[in-house]
Amino acid sequence: MQPELTPAVLASLRRPRHYPAVSVLMPTHRRKPDNAQDPIRLRNLLAGAAKELEADPAVTPERRQDVVEQLDLALAEIDLDHAEDGLAIFASPGEHHVWSLPRTVPERVVLADTYLTRNLVAAYTAEQPYWVLAVSADRAALWRGDARRLVEQHTAGFPLTRSLDDPDAERKERIGDLSSTYRDEQTRRFLRQVDTALGEALAPTARLYVAGEQAAVTLLNEVGTATGHAVPVAHGGLANAGAEAVREAVRPAVAAQEQQTVAATMADIERARGWKEFAAGVDEVWEHVAAGRVRALVVEEHFRTTVRLDGDHLVPAEPGDLDAHDEIVERALETGAEVRFVPDGTLPEGTGIVGIMRY
């Protein structure tokens, strides 16, 4: 399965495909006994997808065989023993993709010329990923974290290392010219290299924490520009540490920043209410999102509701119809709105979803 969702991956998945692009969505279970039926349900869904392909006169036999083979390859990659809360399988001529999601999805098989990606979009947005640069004078490691895990990244040359051995150290010590590690030009050069690599690996808006001895963090800021927006975490010994040690070291800073973000969001909502630039509830928010008027969409983390379109409005529906949560999130992102997730019970009036207007 794919290990990570990124904006670039999502953009690639959302581009048009040659018909048919098959999307298979299925809720899964993490634990016994609930997960016992997952393999059977998955095989039945894929068999149903194959039948829909066979019954569709717009699908040639060659393309049908190609896509069925791609679905079989996808099935072989799936490990339901380590499932999360949802599964998304995409297959079209010549390609397939499998994603395990930390959020439940509606059971669905869709044939179209694009993949049904809104559940992935919502999952990525809700994950609120962050990055940690653990740095010392001789090593820099980059980690990507979210609510579930922290994973070391191997990109843009990370992890970067160098030797602290100085072949001329004995002579320098004799003449009193042996500088401290963080005043040494070799260290400055190494940290410039770290700064350059970080600029290549992350977008300027990435949520970044820099962990290391105070001298290392200070010098990194002095010699470069990529960490100017980062939250410093004064904690040495993490450049060679494992995931759990790094995660624990940055946990207080991550929690504090999340609380600040929620507080800022609530203040933004109050200002919007005062200026009559506020929408609450699924139908009202959907109307403004569809018209491109929403500047920021705010959703409680576990808010979900099932609806159907009735003209231009959303009305309650039976399970299996349009999933308003993910549909609104994806449409908001398409119109350039910012999407923020907040803890359950945070939003006023029990709405679960609100919009802050551009005008």
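Residues numbered from 1 in each chain as written. Predicted model: local features only at pLDDT ≥ 70, side-chain atom pairs only at ≥ 80, totals over all residues. Heavy atoms only, no water.

What follows covers the overall build of the protein chain. Scanning the protein chain from N- to C-terminus turns up 10 helices and 16 strands. Counting only residues that meet the buried cut, the protein chain has 47% of its 359 residues in that class. Sequence-distant contacts, at least 24 apart, represent 66% of the contacts inside the protein chain between residues at least 6 apart. Total accessible area on the protein chain is roughly 17900 Å²; 50% of this is exposed by carbon and sulfur atoms. (Helix = DSSP H or I, 4+ residues; strand = E, 2+ residues; numbered from the N terminus. Buried < 20%, exposed > 50% of the residue type's maximum accessible area, 1.4 Å probe, protein only. Contact = heavy atoms within 4.5 Å. Areas by Shrake-Rupley, 256 points an atom, 1.4 Å probe, with all protein chains shown as cover.)

It is worth spelling out the pairing of strand 12 (residues 294–300) at this point. Among the seven residues in strand 12, six count as buried, and that is most of the element. Pairing geometry for strand 12 and strand 16 (residues 353–357), over five bridges, is antiparallel. Within strand 16, the residue paired with Val299 across the bridge is Ile353. In this structure, strand 12 lies alongside strand 15 (residues 338–342), joined through five bridges in parallel fashion. Residue Val298 lies in a different strand from strand 15, and its bridge partner there is Arg340. (Pairing = 2+ DSSP bridges.)

Spatially, the four strands line up as an open sheet ordered 11-16-12-15, and their pairing is mixed. One side of each edge strand has no neighbouring strand; the edge strands of this open sheet are strand 11 (278–280) and strand 15. Taken pair by pair, the neighbouring strands of this sheet meet at an average axis angle of 20°, ignoring direction. Bridge count for strand 11 against strand 16 is three bridges, and the pairing is antiparallel. Opposite Ala279, over in strand 16, you have Gly355 as the bridge partner. (Axes fitted to C-alpha atoms, helices over the stretch in contact; angles between N-to-C directions.)

Turning our eyes to something else, we now look at the packing of helix 2 (residues 38–55) against helix 3 (residues 61–77). Their axes nearest at 10 Å, the elements helix 2 and helix 3 cross at an angle of 170°. In terms of their interaxial angle, helix 2 and helix 3 are classed as roughly antiparallel. Of helix 3, the residues touching helix 2 (which contributes Leu42, Leu46, Ala49, Ala50, Leu53 and Glu54) are Arg64, Val67, Val68, Leu71 and Leu75. Its residues assigned to classes, the contact of helix 2 with helix 3 shows nine nonpolar, no polar and two charged. (Parallel < 35°, antiparallel > 145°, perpendicular 65-115°, else oblique. Nonpolar A, V, L, I, M, F, W, Y, C, P; charged D, E, K, R; others polar.)

Once that is clear, we can look at the environment of Arg304. By secondary structure assignment, the location of Arg304 is in the loop between strand 12 and strand 13 (307–310). Residues Arg304 and Thr104, spaced 200 residues apart in sequence, show a C-alpha to C-alpha distance of 9.9 Å.

Let us look at the sheet that holds strand 3 (residues 95–101). Spatial strand order, 3-2-1-4: four strands in an open sheet with antiparallel pairing. Edge positions in the sheet fall to strand 3 and strand 4 (108–112), since each has one partner strand and no second. Here the strands of the sheet are splayed against their neighbours by 10° on average, with no regard to which way each runs. Here strand 1 (residues 21–27) runs beside strand 2 (residues 86–92); their pairing, made up of six bridges, is antiparallel. Following the sheet pairing, Val24 is matched in strand 2 by Ile89. Taken strand by strand, helix 2 contacts strand 1, strand 2 and strand 4, and its axis lies near 155° from that of strand 1. On top of the sheet, helix 4 (residues 118–127) reaches strand 1, strand 2, strand 3 and strand 4; it is set at about 45° to strand 3, its chief contact.

Our next topic: unusual backbone geometry. Only a minority of non-glycine residues have a phi that is not negative, and only a minority of peptide bonds are not trans. Here the residue pair Lys32 and Pro33 is connected by a cis peptide bond, since its omega of 0° sits within 30 degrees of zero. Checked against the element boundaries, Pro33 lands in the loop between strand 1 and helix 2. Looking along the chain, the bond that leaves Phe158 and enters Pro159 is cis, with omega of 0°. The phi torsion at Ala156 lies on the positive side, around 55°, for a residue other than glycine. Mapping Ala156 onto the fold places it in the loop between strand 7 (150–153) and strand 8 (160–161). For Ala156, a relative accessible area of 28% puts it in the partly exposed group. Positioned with a positive phi, Lys276 is a non-glycine residue whose angle comes to about 60°.

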